[in-house]
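# A look at the structure
In case you want the letters, here they are:
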Amino acid sequence: CLAGTAACMLLTARQLDAKPDGTLFCALLFAASLPVLVSQQTTLLEEFMRLLLTAGVLAAVFAVKEKLAWLVFLAAGLIGVSGAAGFYAVFFGAGAAAALLLGAPKRERGIWVLAAVLTAGLPLVVRLLAADRLPQSAALFAQNVLTPGVLALAIKTHMIRIYGMGLLLLAIRFFVGREDALAVPVLALVGAALFRLLSRSPAAEAWMDAPMLACLAGVGIAKFARPKGR
């Protein structure tokens, strides 16, 4: 799941930044966080959720950049299926849906509004169905048994600080020259942050957001370091 998540995250970074250095920074930041990610007390279902959400963001970012309606529905499907893992995906999807509305082209606005509604609503529907039909004894609920090592404990705080600094630089760059595609991961993370304020479940931990944080921080550092307009 982490390998697939990393691939989707790097492709998202490539869509957000045409230059290769943004993708490189993203890869380095994600690689640095791996000691923490591999030892998090998540279930297999939560790891699948993170993979599907990252893939959904990739599809949504590509759709906003290229104005392709069918990709918006693909994003809605991926984010919708991830709702089986919990309400984290519901809030994440609501944020992504808001970004799709902001990036919708005027000529196809009706189709994009429908896709945005599906992006926000499908995770909730899937979550309610899964709560009744998915047995708690299923293998998908198996929990990671690895314990955090010395390295993971040492870098946890520092990695979050680095992510925060990268996001600050990205915010500065975003307000200088607005890019609709950036709104997808940003608003999705806003939704995740809202869930974190309202919930105490393991999925509320900030490390669930690590792929998107690494993506945005890497792109932000790279773009801020360039002269204006490059």
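Everything below is about the structure shown above.
Described in the following lines is the structure provided in the data block.

Right, let's talk about the side chain of Thr43 for a bit. Tracing the backbone through its elements, the reader meets Thr43 in the loop between α2 (20-37) and α3 (44-66). Setting aside anything within four residues of it in sequence, one finds Thr43 in contact with Leu140, Phe141, Ala142 and Gln143.

Looking now at helix α8 (residues 183-198). End to end, α8 covers 23 Å across 16 residues, agreeing with the expected 22 Å (1.5 Å per residue, within 8%). Along α8, the positions that sit buried rather than exposed are Ala183, Val184, Pro185, Ala188, Leu189, Gly191, Ala192 and Phe195. Buried residues belonging to α8 abut α1 (2-16), α3, α5 (88-102) and α9 (210-225).

Okay, helix α6 (residues 109-133) next. Count 3.6 residues to each turn of an α-helix, and residues three or four apart come out pointing the same way. Taking 1.5 Å of rise per residue, 25 residues should cover 36 Å, and α6 covers 35 Å from first to last C-alpha, within 8% of that figure. Buried within α6 are the following residues: Trp112, Ala115, Ala116, Thr119, Pro123 and Ala130. Looking at the buried residues of α6, the elements they touch are α3, α4 (69-82) and α5.

Our focus in this paragraph is the pattern of salt bridges. Taken as a whole, this structure holds two salt bridges when the rule is applied. One salt bridge connects Glu47 with Arg50, and the closest N-O pair in it is separated by 2.8 Å. On the criterion of helical spacing, the pair formed by Glu47 and Arg50 is a turn pair, its members being three residues apart in helix α3. For Arg50, a relative accessible area of 3% gives the class buried. The shortest N-O distance in the salt bridge between Arg196 and Asp209 comes to 2.5 Å. With a gap of 13 residues between them, Arg196 in helix α8 and Asp209 in the loop between α8 and α9 connect regions that are remote in the sequence.

One can describe the packing of α3 onto α4 by two numbers: an axis separation of 8 Å at closest approach and a directional angle of 165°. Looking at the two axes, α3 sits roughly antiparallel to α4. α3 and α4 meet at a crossing whose hand is left-handed. Counting all contacts with α3, which are made through Met49, Leu52, Leu53, Ala55, Gly56, Ala59, Ala60, Phe62 and Ala63, the residues of α4 involved are Leu71, Val72, Leu74, Ala75, Leu78, Ile79, Val81 and Ser82. For the contact of α3 with α4, a count of residues per class yields 15 nonpolar, two polar and no charged.

Leu16, Tyr88, Phe92, Trp112 and Tyr163 are the most contacted members of the largest nonpolar core, which totals 59 residues. The element contributing the most residues to this core is α3, with nine residues.

In contact at an axis separation of 9 Å, α4 and α5 are set at 165° when each is read in the N-to-C sense. Relative to α5, the element α4 is oriented roughly antiparallel. In this structure, the crossing between α4 and α5 has a hand that is left-handed. Packed against α4, whose contacting residues are Val72, Ile79 and Ser82, the element α5 presents Ala89, Gly93, Ala96 and Leu100 at the interface. Tallied by class, the residues present in the contact of α4 with α5 amount to five nonpolar, two polar and no charged.

The subject of this paragraph is unusual backbone geometry. The residue Lys67 is not glycine, and still its phi comes out positive at about 55°. Along the chain, the position of Lys67 falls in the loop between α3 and α4.

With that settled, consider the packing of aromatic side chains. In the structure shown here, the tally under the stated rule is three aromatic pairs. On the basis of an interplanar angle of 50° and a centroid distance of 5.6 Å, the ring pair of Phe91 and Phe195 is categorised as tilted. Highlighted residues: Phe91 in helix α5 and Phe195 in helix α8, separated in sequence by 104 residues. Its relative accessible area of 6% is what places Phe195 among the buried residues.

What counts, and where the lines are drawn
Residues numbered from 1 in each chain as written. Predicted model: local features only at pLDDT ≥ 70, side-chain atom pairs only at ≥ 80, totals over all residues. Heavy atoms only, no water. Helix = DSSP H or I, 4+ residues; strand = E, 2+ residues; numbered from the N terminus. Contact = heavy atoms within 4.5 Å. Expected span 1.5 Å × (residues − 1). Buried < 20%, exposed > 50% of the residue type's maximum accessible area, 1.4 Å probe, protein only. Salt bridge = Lys/Arg side-chain N within 4 Å of Asp/Glu carboxyl O. Axes fitted to C-alpha atoms, helices over the stretch in contact; angles between N-to-C directions. Parallel < 35°, antiparallel > 145°, perpendicular 65-115°, else oblique. Left-handed = near helix turned anticlockwise from the far one by under 90°. Nonpolar A, V, L, I, M, F, W, Y, C, P; charged D, E, K, R; others polar. Core = buried A, V, L, I, M, F, W, Y, C linked by side-chain atoms within 4.5 Å. Phe/Tyr/Trp six-rings, centres within 6.5 Å; stacked < 30°, edge-to-face > 60°.

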